[in-house]
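# Reading the structure
If you want the building blocks of each chain, they are given just below.
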Amino acid sequence: MSLKVTFIYPGIAGRGWNSLKQGMDAGWISHGLASLSAAAKAEGFEVNLIDLRALSGWDHFREVLAERDPDVVGVTMMSVDYNPARQAIAIAKEVKPNVVTVIGGPHVTIALQDSLRIPHVDYLITGEGEITFPRLLHALARGERPPYRVLRGEPPDLDAIPFSDRDLFLEEWKKWGYDLDSPEVPFVEELPPPFATIIAGRGCIYNCSFCKPGEDYLFGKRVRRRSVDNVLAELRMLVDRYHLASFMFHDDCLTEDREWVIEFTEKYIAEGFNLPFFCQTRADIVVRHEDMVERMVRAGLRGYFIGFESGSDRVLKFIRKGTTVAQNLEAARICKKYGIAIWANYMMGLPTETKEEVMATVRMMKEIDPDYYSPAFFTPHPGTDLYDFVVEHDLSRITDYDSYRRNPTEPKIRGQDYEFLKWAMAESQRRKPINAFRRWARRQWKRLRRVTPAKVLRRLGLLRPRSAPTAA
Ligand code: B12
Ligand code: SF4
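Residues numbered from 1 in each chain as written. Chains lettered and ligands numbered in written order. Predicted model: local features only at pLDDT ≥ 70, side-chain atom pairs only at ≥ 80, totals over all residues.

## Regarding the packing of helix 9 (residues 228-242) against helix 10 (residues 258-270)
- Put simply, helix 9 and helix 10 touch, their axes get as near as 10 Å, and they point 45° apart. One element, helix 9, and the other, helix 10, form an angle in the oblique class. Our pair here, helix 9 against helix 10, has a crossing hand that is right-handed. Residues Val228, Val231 and Leu232 of helix 9 lie in contact with helix 10, whose contacting residues are Trp260, Glu263, Phe264, Lys267 and Tyr268.
- Broken down by class, the residue content of the contact of helix 9 with helix 10 amounts to 6 nonpolar, no polar and 2 charged. (Axes fitted to C-alpha atoms, helices over the stretch in contact; angles between N-to-C directions. Helix = DSSP H or I, 4+ residues; strand = E, 2+ residues; numbered from the N terminus. Parallel < 35°, antiparallel > 145°, perpendicular 65-115°, else oblique. Left-handed = near helix turned anticlockwise from the far one by under 90°. Contact = placed C-beta atoms within 7 Å. Nonpolar A, V, L, I, M, F, W, Y, C, P; charged D, E, K, R; others polar.)

## Comments concerning the site of ligand 2
- Close to ligand 2 lie Cys204, Tyr206, Asn207, Cys208, Cys211, Lys212, Asp252, Cys253, Arg282 and Gly307, which account for all nearby residues.
- Classifying every residue of the shell around ligand 2 by side-chain character gives 5 nonpolar, 2 polar and 3 charged. (Near = placed C-beta within 6 Å.)

## Quick look at the sheet that holds strand 3 (residues 72-76)
- The strand order across the open sheet built from 6 strands is 2-1-3-4-5-6, with neighbouring strands paired in parallel fashion. The open sheet terminates on both sides in strands that have one partner only, identified here as strand 2 (46-51) and strand 6 (150-152). Along the sheet, successive strands turn relative to each other by an average axial angle of 25°, direction set aside.
- Pairing analysis gives 3 bridges linking strand 5 (residues 123-126) to strand 6, with the strands arranged parallel. Within strand 6, the residue paired with Ile125 across the bridge is Leu151. (Pairing = 2+ DSSP bridges.)

## So, the environment of Glu144
- One can find Glu144 in the loop between helix 6 (132-141) and strand 6.
- For the pair Glu144 and Glu259, spaced 115 residues apart in sequence, the C-alpha to C-alpha distance is 46 Å.

## Points about the domain arrangement of the protein chain
- As assigned here, the protein chain comprises domain 1 (4-152) and domain 2 (180-430).
- One C-alpha centre belongs to domain 1, the other to domain 2; they are set 27 Å apart.
- Counting from both sides, the interface comprises 18 residues of domain 1 and, opposite them, 16 residues of domain 2.
- Looking at the side of domain 1 that touches domain 2, the elements with two or more residues in it are helix 3 (82-95) and helix 4 (106-110). (Domains from an automatic or database assignment.)

## Structural notes on the nonpolar core
- Counting residues in hydrophobic clusters, the biggest one holds 63 residues, and the most contacted among them are Tyr304, Ile306, Ile342, Ala344 and Met348.
- It is strand 13 (residues 341-348) that provides the largest number of residues to this core, a total of 7 residues.
- With sequence-adjacent residues up to four places away left out, Tyr304 is seen in contact with Phe278, Cys279, Thr281, Cys335, Ile340, Ile342 and Trp343.
- Leu49, Val100, Val108 and Leu136 belong to the second-largest nonpolar core, a separate cluster that totals 53 residues. (Core = buried A, V, L, I, M, F, W, Y, C linked by C-beta atoms within 7 Å. Buried ≥ 20, exposed ≤ 12 C-beta atoms within 10 Å, placed from the backbone.)

As structure tokens, this is what we get:
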């Protein structure tokens, strides 16, 4: 018997219904589902997707789900997705009582007991799903019902699994009128469409207390990276299929593996790729490996995501970041030297953080003068050591799963003055006049360089417009 699977992407906690194309939270695919879809399709199963972000509300969801009439519903879930995931599963069982419901994703792995409390869930798969989920589908197709509700996902060989199924999302989005001709929504001017995200590996060797150890439960303590050739083959496929013009690596810290990066840049250039790309890195790595930065720029790197986090060395130590303020400033200097855009991630309102330390972050951000600011109020995420610290010290002000989103208006912990933090966050994004002027001048210069004598003559009406029809 062939089974029909409907995956559900529940990511509406951030931007809500009808929110596609509104930034990265609402314009990027879930590689978890896209990878599971590719694995299930490769084994002959019929797969489709319902992305809540593209729908208008629960009634709409109910209607679409009834039309799809799936045998199996698979839901992915970060902690922030708990409420919509729970609601989607309840509706699925209401619409079709004999549908088999399966959930997986970071929250299921990190907070299994909590996930087990969700009603109407038949199976929970922890860890990675590419091998275990199709195995479950085969069993169901044979009419078997595995006796255990919790199945431990077996980590796959990342070079052996098929590439993420981007069409799963793109085709679904198009059904609801989104006119995308890009696999994902581009988010910075340096990366033109068609744009896609790509993952070269899973896991992270670092140990920041606001992030770890949760991800170790998901992917293991070591990083498993795909071969460079496998990643390049995926890029080639993306160029052929979607005319890819730019991309972003999702890896937690791509640059942690210097040898991999060097091999990648060499082969990327040798094979004729020149697409601009962004990736995530750390300040200490940028400082320690300036030569690697230079190689990456030559290959096409246009921007780094850097977790600067704080302008206080005490706070950086407290969160086990393993970097210093001096490294943060030096990394920013190096990025500017090579013309790399800086996407600055940083936090305010950490436990034990004082107002003076927050002001140190404000000052640091003014020095760094990034191209893109990405501040957040510290949010204690389940599965992290800092979450446990917050719980132990009775500091949490999070009353609902929705508050795990990075919402800069929502108080997250006790002992912080959120009015002050809101002000500090805004102030951290106010550029020094000299920096603002430099940026303005650079923009004007860029604009001026685009002006050609022909354009000036056209403006003055002395030259025929380029698109004007010629006389027959
Ligand atoms: C890219 C990314 C994003 C992107 C895109 C997210 C997306 N659509 O997937 C953006 C920037 C939008 C984002 C936002 C956020 N993110 Co994020 N993100 C990541 C990152 C770096 C990569 C995700 C990824 O593609 N992984 C690779 C895929 C293959 O893994 P996967 O999705 O986990 O899927 C595998 C398994 O989980 C499992 N699985 C997954 N789903 C299902 C479903 C079924 C049915 C089954 C059987 C199995 C299964 O099988 C999959 C294949 O093996 C991860 C860290 C990481 N390295 O994973 C953090 C991570 C997922 N994000 C995290 C967080 C906290 C957030 C935010 C809440 C941050 C914030 N405060 O704003 C927001 C939430 C956005 C929202 N929905 O409102 C946390 C989640 C922690 C938690 N407790 O849930 C992570 C783990 C980072 C961390 N270490 O803290 N994120
Ligand atoms: S914050 Fe970044 S560098 Fe630190 S452990 Fe998490 S993914 Fe790794």
